[in-house]
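Remarks on the overall topology
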Amino acid sequence: MAAGVGTILPPGVSADDFAAVLRQFEAAVGKDWVFTNDEDIHPYRDYFSILKDQNDELVPSAAVCPASVEEVQAVVRAANRFKVPLYAISTGKNFAYGGPAPNLRGSVTVDLKRMNRVLEIDERRNFALVEPGVSYMDLYRYIEERGLKVMIDTADVGWGGLMGNALDRGLGYTLGLYRDHISAHYGMEVVLPDGELMRTGMGAMPGSKAWQEYKHGFGPDPSGLFAQGNYGIVVKMGFRLMPRPEHWRTGLITVPKRADFIPLVDTVNYLSDLFVIGEPLYSSPLQSLLTDPEFQKAAIAFDEAALDRIAAANNRHSWQVELQFYGSEKSTLANWEWAKELILRAVPQANCFDGDSLKVPVTQAQIDAAEHPYPAPYTSVMRRNVMHGVPKLYMWRSPGRTDNDPNSWNETHIGLFSVVARSGEAVFQAQKDFADVVRRSRPGEQYVSAALITPLQWHQFGFFIGNSFFGTATRNDNSPEGKLKQLKELRAVLKMNAQLGYGDYRAPPILQDDVADQYSFNNHQLRRFNEALKDAIDPNGILSPGRGGIWPKAHRANRGALRK
Ligand SMILES: Cc1cc2nc3c(=O)[nH]c(=O)nc-3n(C[C@H](O)[C@H](O)[C@H](O)COP(=O)(O)OP(=O)(O)OC[C@H]3O[C@@H](n4cnc5c(N)ncnc54)[C@H](O)[C@@H]3O)c2cc1C
């Protein structure tokens, strides 16, 4: 148990005031829904925290669970009276990005799980309006039970929820518009820091029937402020839903040479931006040669000719991408034929293999099928459940090292997700830049990789810097000192990446100040703007201080406090 859990006070709040605010919370939500003891607070800690059990672990002082908008407003008003910092969570499963833990130790967690109604769903106009506690599994079940002809775009792990995931700019796996979850949101209702209620978009117009159909309304649209921000507690949120297609089809394209990646990406971008394909899945079979000394030498030197020679000698292609098509049987076939034509025009030496061709809705057996449709040695990384919006828990097997699994290969799932431009040239440059960062940050070590790339959102690539980054000694050191060393290494890399123009899209609270530092154009004007706004609408600094690197005046001294 972390020192002080269950007994700590919110920063700057006396024991008497804390007792008084807890009484007001109880009056607002009922005695049974305010938690203060160690055991009850335990689930609001980040199980994977690098600071676990340390005196500065990001633990809340209490948790309060409102069941209605009015109760949220009452909690916010009480917190203002005593200047008590709050931290709102929806389903609270943001593991890998800090779990449910707050940015400021001693904040009171506002757990919105009890607000879990699907308020509206429309299968003709294709949207849903939900409360914060609606998980992907809840909405999936709701749709299935009613036989509605819409599908969701789920993130992993399926117990997370639409609102919390979108408010952290999470992502899914189907068509671009739907898998960029904050872009797929249409309309919010928000409890502001003074307890007032605001609706965005058409929701601001009493009597509008198009809240989930035009998200901008009129004038500035502040809805973007609530994602990775701390300007309000969102209590209703609309999402566009994909109409259920009749058919789903996949295909695999392989290209032999490293440089073929450039025209491959251009062609896939074209198909993607024309809404022809869902998420494309890139990978490189060359990763399987990482332990081959000859390959290592060529990869470290970025000797493209040698890499191509080694790939050919080992009967490997350099890159592959799997495409997925949603539509009818005929339209998906026509689109796949067209994709092949375009690819072969751009890379005549490419190979194309037909993949799955399934009537939708797919069956559970089809989703769970272990075999994939390509002839050996070609493999698929397609996960059929998320491509069909079916939430599952099985990815939970990989969250990383814990008390129960102290020797896991995965370093508590912490890592960096740097944004890279969506071109082959940018990926090659990023590979070189990152190899250089490793050389500079860990003298004597080399980074070897042929395929460091994941498509993140619709229009960008991401560069995941995870466990493979750490030296073996650091990776296997699960002591508090070892974990801190990993954190230090990540911070150093963040800084170097920023100098090279790579910024992160999302981060756990312990790294949010560092990531916010990367976005420093014009002497941190973005942060100065965000904090001026914060001070204006949240003068007591009560809502999620520190989230997104935005610190209100009252707690600004905490910026960077966790860097050690
Ligand atoms: C193995 C594994 C796989 C993962 N795969 C994915 C993936 O495919 N895609 C992906 O995006 N993520 C992924 N994640 C990360 C994460 O687990 C999910 O994004 C998860 O859905 C987030 O948790 P949640 O939905 O419960 O959000 P919450 O924890 O409820 O919310 C996240 C944050 O948003 C803010 N917030 C939440 N609700 C509100 C509100 N009502 N008002 C104001 N602010 C609020 C809070 O700061 C909160 O901490 C993965 C993690 C693991 C461990």
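The preceding data block contains the structure.
Residues numbered from 1 in each chain as written. Predicted model: local features only at pLDDT ≥ 70, side-chain atom pairs only at ≥ 80, totals over all residues. Heavy atoms only, no water.

Now for the site of the ligand. Taken together, 32 residues surround the ligand, and among them S90, T91, K93, Y173 and R506 come closest. Between the ligand and the protein, one listed contact pairs an oxygen atom with a side-chain N or O atom of Y87 at 2.8 Å. Measuring from an oxygen atom of the ligand, one finds a backbone N or O atom of F95 at 3.2 Å. Here the ligand has 970 Å² of accessible area as a free molecule, and 96% of this is covered by the chains. Of all the elements in the fold, those that place two or more residues in the shell around the ligand are strand 3 (86-89), helix 5 (162-167) and strand 10 (233-240). Take the shell around the ligand: its biggest share by element is four residues, from helix 5. Among the residues making up the shell around the ligand, the classes are represented as 16 nonpolar, 12 polar and four charged. (Near = heavy atom within 4 Å. Polar contact = N/O pair within 3.5 Å; in protein donor to acceptor, adjacent residues only side chain to side chain. Areas by Shrake-Rupley, 256 points an atom, 1.4 Å probe, with all protein chains shown as cover. Helix = DSSP H or I, 4+ residues; strand = E, 2+ residues; numbered from the N terminus. Nonpolar A, V, L, I, M, F, W, Y, C, P; charged D, E, K, R; others polar.)

Bringing the nonpolar core into the picture now. Core analysis: the biggest nonpolar cluster contains 47 residues, and I253, F261, L264, Y282, L323 and V420 have the highest contact counts within it. Per-element tally for this core: the top contributor is helix 13 (residues 424-441), with seven residues. (Core = buried A, V, L, I, M, F, W, Y, C linked by side-chain atoms within 4.5 Å. Buried < 20%, exposed > 50% of the residue type's maximum accessible area, 1.4 Å probe, protein only.)

Residue pairs spaced three or four apart in an α-helix point in one direction, given the helix's 3.6 residues per turn. Over its 13 residues, helix 7 (residues 261-273) extends 18 Å from the first C-alpha to the last, a length consistent with the 18 Å expected when each residue adds 1.5 Å. Buried within helix 7 are the following residues: F261, L264, V265, T267, V268, N269, L271 and S272. Those residues of helix 7 hidden inside the fold are in contact with strand 12 (247-255), strand 13 (281-283), strand 14 (319-327), helix 10 (329-346), helix 13 and strand 18 (461-465). (Expected span 1.5 Å × (residues − 1). Contact = heavy atoms within 4.5 Å.)

Viewed as axis vectors pointing N to C, helix 13 and helix 15 (residues 480-499) meet at an angle of 135°, and their least axial separation amounts to 10 Å. Judged on the interaxial angle alone, helix 15 and helix 13 are oblique. Crossing of helix 13 over helix 15 shows right-handed handedness. Contacts from F434, V437, R440 and S441 of helix 13 reach helix 15 at V493, M496, N497 and Q499. (Axes fitted to C-alpha atoms, helices over the stretch in contact; angles between N-to-C directions. Parallel < 35°, antiparallel > 145°, perpendicular 65-115°, else oblique. Left-handed = near helix turned anticlockwise from the far one by under 90°.)

In spatial order, the strands read 1-2-4-3; together these four strands make up an open sheet with mixed pairing. Of all the strands in the sheet, the pair left with one neighbour each is strand 1 (34-35) and strand 3. Here two bridges tie strand 1 to strand 2 (residues 62-64), and the two strands are oriented antiparallel to one another. Among the inter-strand pairings, F35 is bridged to a residue of strand 2, identified as A63. (Pairing = 2+ DSSP bridges.)

Spatially, four strands are ordered 13-14-12-15 in an open sheet, and the strand pairing comes out antiparallel. For this open sheet the edge positions go to strand 13 and strand 15 (351-359), each flanked by a neighbour on one side alone. Recorded for the sheet is a direction-independent mean angle of 15° between the axes of neighbouring strands.

Bringing helix 13 into the picture now. End to end, helix 13 covers 26 Å across 18 residues, agreeing with the expected 26 Å (1.5 Å per residue, within 8%). Those residues of helix 13 not exposed but buried are G424, A426, V427, F428, A430, Q431, D433, F434, A435, V437 and V438. Of the surrounding elements, those touching the buried residues of helix 13 are helix 7, strand 14, strand 16 (416-420), strand 18 and helix 15.

Before going further, it helps to examine the packing of helix 8 (residues 293-300) against helix 9 (residues 304-313). A pair of packed helices is captured by two measures, namely the crossing angle of their axes and the spacing between those axes. Contact geometry of helix 8 with helix 9 gives a least axis separation of 8 Å together with a crossing angle of 150°. On the basis of their axis angle, the class for helix 8 and helix 9 is roughly antiparallel. As for how helix 8 packs across helix 9, the hand of that crossing is left-handed. Here E294, F295, A298 and A299 of helix 8 lie close against helix 9, whose contacting residues are A306, L307 and I310.

With that out of the way, let us pick up unusual backbone geometry. With omega at -10°, the peptide bond leading from D156 into V157 counts as cis. Within the secondary structure layout, V157 lies in the loop between strand 7 (150-151) and helix 5. Between V360 and the following residue, P361, the backbone shows a cis peptide bond with an omega angle of 5°. By the element assignment, P361 lies in the loop between strand 15 and helix 11 (364-368). Of note in this structure, F302 is not a glycine but carries a positive phi near 50°.

As far as function goes, none of this settles anything; it's purely spatial.
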